[in-house]
Amino acid sequence: MSVRIQEADFDVGAEIAALRHGDARVGAVAVFVGTVRDVNDGGAVATMTLEHYPGMTEKSLQAIVDEARQRFDVHGIRVVHRVGELAPTDQIVLVAVTSAHRGEAFDACRFVMDYLKTRAPFWKKERTPEGSRWVEARESDDTAAERWER
Amino acid sequence: MRDSPPVVVRLVFLARLREAFGNADESLQLPAEAPATVDTVLDALRARGGAWAAELAPGRAVRVAVNHAMAKPGDAVRDGDEVALFPPVTGG
């Protein structure tokens, strides 16, 4: 499966190994891992809860992966996104891409993350010493995704 | 002229909107007098006042998906559709 949503943590090495699976065409593997920080918008973050929209989120991630495959000359793409309760330093998301050369792998990896941030239905709620708050969407994420429209 | 058949949609509320409405999902029958669109769904909910009117006020950032695909205000909704309302996404 190129797209997974799960509560459990993931093993980056195992995910890369499964994606490469002895594919000798692969000359480049680009990997992005997003992790939970202990500070956001100037406030301390104790824990974070990630929510998704079952059904739509899977379709949305698969559509992003399909579009990346159309745009870039890549061999494999894997996306793993966690949901549920997470704490600072925990892994949130993995995007791994294999291709013959680094340029396509880097570009496809960044494209998938930029689109995931603005299109995939996930929402973060942070628990802080002052109470819980839903994370607000960032304009800089829209700007990052719009770069690919030009 | 005969009345058009009733359009009943399943509403799903996510993240901040679910908490604000105190409700994860419900069925909604749309008024028969106008063609059913995303906008008529939003208007029917705004008419409830309170948190509904506040969260869905024009200018608030609310996203709508119909049957798991992002939708615009004028898009049609049909009987049996799943219409989800949620804030801008913040994953990754």
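Residues numbered from 1 in each chain as written. Chains lettered and ligands numbered in written order. Predicted model: local features only at pLDDT ≥ 70, side-chain atom pairs only at ≥ 80, totals over all residues. Heavy atoms only, no water.

Visitor: Go over the overall build of chain A with me, naming the residues and quoting the values.
Guide: Tallying secondary structure elements over chain A gives 4 helices and 10 strands in all. When the helices and strands of chain A are placed in sequence order, the string is β-α-β-β-β-β-α-β-β-β-α-β-β-α. Taken over the C-alpha trace, chain A has a radius of gyration of 16 Å; the compact-globule value for 150 residues is 15 Å, and the two agree within 12%. Partitioning the intrachain contacts of chain A with sequence separation of at least 6 by distance along the chain shows that 77% fall at a separation of at least 24. Total accessible area on chain A is roughly 7,600 Å²; 48% of this is exposed by carbon and sulfur atoms. Counting 20 positive and 25 negative side-chain charges, chain A places the centres of these two groups 3 Å from one another. (Helix = DSSP H or I, 4+ residues; strand = E, 2+ residues; numbered from the N terminus. Rg over C-alpha atoms; globule rule 2.2 N^0.38 Å. Contact = heavy atoms within 4.5 Å. Areas by Shrake-Rupley, 256 points an atom, 1.4 Å probe, with all protein chains shown as cover. Lys, Arg positive; Asp, Glu negative; His and termini not counted. Charge placed at Lys NZ, Arg CZ, Asp CG, Glu CD.)

Visitor: Just give me the short version of the sheet that holds strand E2 (residues 25-29) of chain B, but keep the residues and values in it.
Guide: All names here are of chain B. The 5 strands lie next to each other as E2-E1-E5-E3-E4, forming an open sheet whose pairing is mixed. On the outer flanks of this sheet lie E2 and strand E4 (69-71), each paired with one strand and no other. If you compare each strand with its neighbour and ignore which way they point, the axes differ by 35° on average. Pairing analysis gives 4 bridges linking strand E3 (residues 63-66) to strand E5 (residues 82-86), with the strands arranged antiparallel. Across the sheet, residue Ala 65 finds its bridge partner in E5, namely Ala 84. (Pairing = 2+ DSSP bridges. Axes fitted to C-alpha atoms, helices over the stretch in contact; angles between N-to-C directions.)

Visitor: How would you explain the nonpolar core if you had to name every residue and give the values?
Guide: All names here are of chain A. Counting residues in hydrophobic clusters, the biggest one holds 32 residues, and the most contacted among them are Ile 77, Val 79, Val 97 and Val 112. Elements that contribute at least two residues to this core include exactly strand E2 (28-35), strand E5 (47-52), helix H2 (56-71), strand E6 (74-82), strand E8 (91-99) and helix H3 (102-119). No other element matches the 8 residues that H3 contributes to this core. (Core = buried A, V, L, I, M, F, W, Y, C linked by side-chain atoms within 4.5 Å. Buried < 20%, exposed > 50% of the residue type's maximum accessible area, 1.4 Å probe, protein only.)

Visitor: A description of the interface of chain A and chain B should follow, citing residues and the corresponding values.
Guide: Of the residues lining the interface, 25 residues belong to chain A; the matching set on chain B comes to 18 residues. Between chain A and chain B, a total of about 1,700 Å² is buried, with carbon and sulfur atoms accounting for 58% of that surface. Sorting the residues of chain A by area buried against chain B places Tyr 53, Met 56 and Trp 123 of chain A first, and these three jointly supply 37% of that buried surface. The tally of links from chain A across to chain B stands at 2 salt bridges. Arg 18 of chain B is paired through a salt bridge with Glu 51 of chain A; the nearest N and O atoms lie 2.5 Å apart. Connecting chain A to chain B are 13 residue pairs in polar contact (both at pLDDT 80 or more). Mapped onto the side of chain A that touches chain B, the elements with two or more residues apiece are E5, H2, E8, H3 and strand E9 (122-128) of chain A. Per-element tally for the side of chain A that touches chain B: the top contributor is H3 of chain A, with 5 residues. (Buried area = accessible area lost by both parts, 1.4 Å probe. Salt bridge = Lys/Arg side-chain N within 4 Å of Asp/Glu carboxyl O. Polar contact = N/O pair within 3.5 Å; in protein donor to acceptor, adjacent residues only side chain to side chain.)

Visitor: Which residues make up the sheet that holds E6 of chain A, and what values go with them?
Guide: All names here are of chain A. The 4 strands are arranged E1-E6-E8-E2 in an open sheet whose pairing can be described as mixed. Whereas interior strands pair on both sides, the edge strands pair on one side only; in this sheet they are strand E1 (3-6) and E2. Pairwise comparison of adjacent strand axes, ignoring direction, gives a mean angle of 10° for this sheet. In this sheet, E6 lies alongside E1 in parallel orientation, the contact comprising 4 bridges. Its bridge partner being in E6, Ile 5 is matched across the sheet by His 81.

Visitor: How would you summarise the pattern of salt bridges if you had to cite specific residues and measurements?
Guide: Residue and element names in this part refer to chain A. Evaluation of the coordinates by the stated rule reveals 17 salt bridges over all chains. Between Arg 4 and Glu 15 there is a salt bridge whose closest N-O contact spans 2.8 Å. Placement of Arg 4 in strand E1 and of Glu 15 in helix H1 (residues 12-20) is noted, with a sequence separation of 11 residues between them. Given the relative accessible area of 23%, Arg 4 is considered partly exposed. Residue class for Glu 15 comes out buried when judged on its relative accessible area of 8%. Here Asp 9 ties to Arg 82 by a salt bridge, and the two come within 3.5 Å at their closest N and O atoms. Of this pair, Asp 9 sits in the loop between E1 and H1 while Arg 82 sits in strand E6, and the two are 73 residues apart along the sequence. For Arg 82, a relative accessible area of 8% gives the class buried. Linked by salt bridges that have partners in common, Arg 4, Glu 15 and Arg 78 make up one network.

Visitor: Tell me about the confidence of the model for chain B, and please be specific about residues and values.
Guide: Looking at chain B as a whole, its pLDDT mean stands at 94, while 96% of the residues score no less than 70. Model confidence for the complex: the whole-complex pTM is 0.93, and ipTM, which rates the interface, is 0.92. (pLDDT = per-residue confidence, 0-100.)

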